[in-house]
Each structure stands twice: as C-alpha cells, then as structure tokens.
Amino acid sequence: QVQLVESGGGLVQAGGSLRLSCAASGSIFRINAMGWYRQPPGKQRELVATVTSSGSTNYADSKKGRFTISRDNAKNTVYLQMNSLEPEDTAVYYCNAEARSKPWDIWNNYWGQGTQVTVSS
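These remarks concern the structure in this document.

A separate point is the nonpolar core. Considering soluble globular proteins, one finds that nonpolar side chains tend to be buried as a cluster. Judged by nonpolar contacts, the single largest core of 28 residues is most densely connected at Leu4, Trp36, Ile69, Val78, Leu80, Met82 and Tyr93. For this core, the secondary-structure elements that each account for two or more residues are β1 (2–7), β3 (18–26), β4 (30–39), β5 (46–51), β7 (67–72), β8 (77–82), β9 (91–100) and β11 (115–120). Per-element accounting of this core gives the leading share, 5 residues, to β9. Excluding its chain neighbours within four sequence positions, the residues that come into contact with Val78 are Leu20, Ser21, Cys22, Met34, Trp36, Val51, Ile69, Ser70, Arg71 and Cys95.

Rendered as structure tokens:
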C-alpha cells in the first residue's frame with residue numbers, strides 16, 4: 001500500500017501564495033504520474049496539474065501561469081506552488097499518485113486525505 005500525506009494548506013489573502021507538498025510513503029516500487037486535484041465547495045473534483053516521473057507536466061487551462069507543479073523523485077514528493085491566489089481557488093486540494101508496490105503489481109491509483117486552501121477576498 002502507498003500512503004499520500006499532503007501539507008501546506010491554510011488561509012491566505014487574495015493575491016497571496018501557498019506551497020502544497022505531498023509525500024508518498026509505504027510499500028513503493030515505482031511511482032508514475034503524480035498530481036493535484038481540487039474540489040471547491042459544492043462542486044466536483046477537478047484537475048489542477050500532473051507531472052510524470054520524467055518531469056513532463058500538464059495543467060488545467062485555468063491554472064497555467066499561476067500554479068507550478070514540481071516533483072522530487074528521490075523523496076517521492078510532489079509540490080504545487082500557487083501564486084496570485086483568488087477566492088475562486090478556495091477548495092480542498094487532493095494529491096494523487098499512480099504507483100506500484102511490487103514489480104508485478106498493476107498500476108494503482110492513490111489519493112491523499114486532502115488539505116484545505118481558503119483564499120479570502
């Protein structure tokens with residue numbers, strides 16, 4: 001099993017910045033893509049950004065330019081730098097990873113417990 005633990009959420013004023021971290025631990029053979037999703041109040045979960053093990057990134061269009069995803073493979077950790085935050089960015093942010101615990105395992109999808117980000121106007 002793989003566990004994902006997010007940190008770095010909190011309350012920030014509009015225009016401010018936050019950096020989220022997500023560390024994977026447990027029985028890890030290999031991690032493929034890692035990413036961030038978010039769920040605003042009363043809405044469905046949506047993609048923020050993903051990054052592959054080789055560093056290729058993908059962003060939801062509305063996040064390009066303000067959010068930056070990065071990854072430290074040695075630490076099994078993914079980061080999300082969020083700048084120029086807006087009240088509309090208020091959401092629970094979830095970390096996601098596609099991983100194998102053993103060489104013969106299929107790829108499994110794992111989620112963190114989520115971290116709250118609140119942006120005040």
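Here we come to the pairing of β4. Bridge count between β4 and β9: 8 bridges; the pairing is antiparallel. By the bridge assignment, Arg38 is partnered in β9 with Tyr93. Counted between consecutive antiparallel strands, the loop separating β4 from β5 contains 6 residues, among which Gly42 sits at a positive phi close to 75 degrees.

According to the stated counting rule, one finds 1 aromatic pair in the structure shown. Seen in terms of ring centroids, Tyr37 and Trp111 are 5.1 Å apart; in terms of plane orientation they differ by 65 degrees. Their pairing is edge-to-face. Placement of Tyr37 in strand β4 and of Trp111 in strand β10 (residues 108–111) is noted, with a sequence separation of 74 residues between them. For Tyr37, a relative accessible area of 22% translates into the label partly exposed. Overall, the relative accessible area of 37% leaves Trp111 in the partly exposed class. Geometry around Tyr79 places Arg19 over its ring, the cationic atom sitting 4.1 Å from the centre. Positioned above the aromatic ring of Tyr94 is the side chain of Arg45, whose terminal nitrogen or guanidinium carbon lies 3.7 Å from the ring centre.

Neighbouring strands of a sheet are bound in pairs by backbone hydrogen bonds; such pairs are parallel or else antiparallel. Strand order across the open sheet formed by 4 strands is β1-β3-β8-β7, with antiparallel pairing between neighbours. The sheet is open, and its two borders are formed by β1 and β7, each paired with just one other strand. Ignoring which end each strand starts from, the neighbouring axes of this sheet average 15 degrees apart. Here 6 bridges tie β3 to β8, and the two strands are oriented antiparallel to one another. If you follow Cys22 over to β8, its bridge partner there is Val78.

The rules we used
- Here the residue numbering is sequential within each chain, running from 1 through the sequence in written order.
- For a predicted model such as this one, the threshold for reporting local features is a pLDDT of at least 70, and the threshold for listing and counting side-chain atom pairs is 80 or more; totals across whole chains, interfaces and linings nevertheless cover every residue.
- For side-chain calculations, the full set of non-hydrogen atoms in the structure is used, while hydrogens and water are omitted.
- We call a set of buried Ala, Val, Leu, Ile, Met, Phe, Trp, Tyr and Cys residues a nonpolar core when their side-chain atoms join them within 4.5 Å.
- Each residue's exposure class comes from its accessible area (1.4 Å probe, protein chains only) as a fraction of the maximum for that residue type: buried when under 20%, exposed when over 50%, partly exposed otherwise.
- By the criteria applied, helices consist of DSSP H or I runs no shorter than four residues and strands consist of E runs no shorter than two, each listed in order from the N terminus.
- Throughout, a residue-residue contact means that at least one pair of heavy atoms, one from each residue, lies within 4.5 Å.
- Note on pairing: DSSP must find at least two bridges between two strands before they are called paired.
- Think of it this way: a Phe, Tyr or Trp ring, Trp meaning its six-membered ring, pairs with another when their centres are within 6.5 Å, and the plane angle makes it stacked under 30 degrees, edge-to-face over 60, tilted otherwise.
- Sitting over a ring, as applied to charges here, requires NZ of Lys or CZ of Arg to be within 6 Å of the ring centre and within 35 degrees of the ring normal.
- Working convention: axes come from line fits to C-alpha atoms, limited for helices to the stretch in contact. Angles between N-to-C directions cover 0 to 180 degrees.

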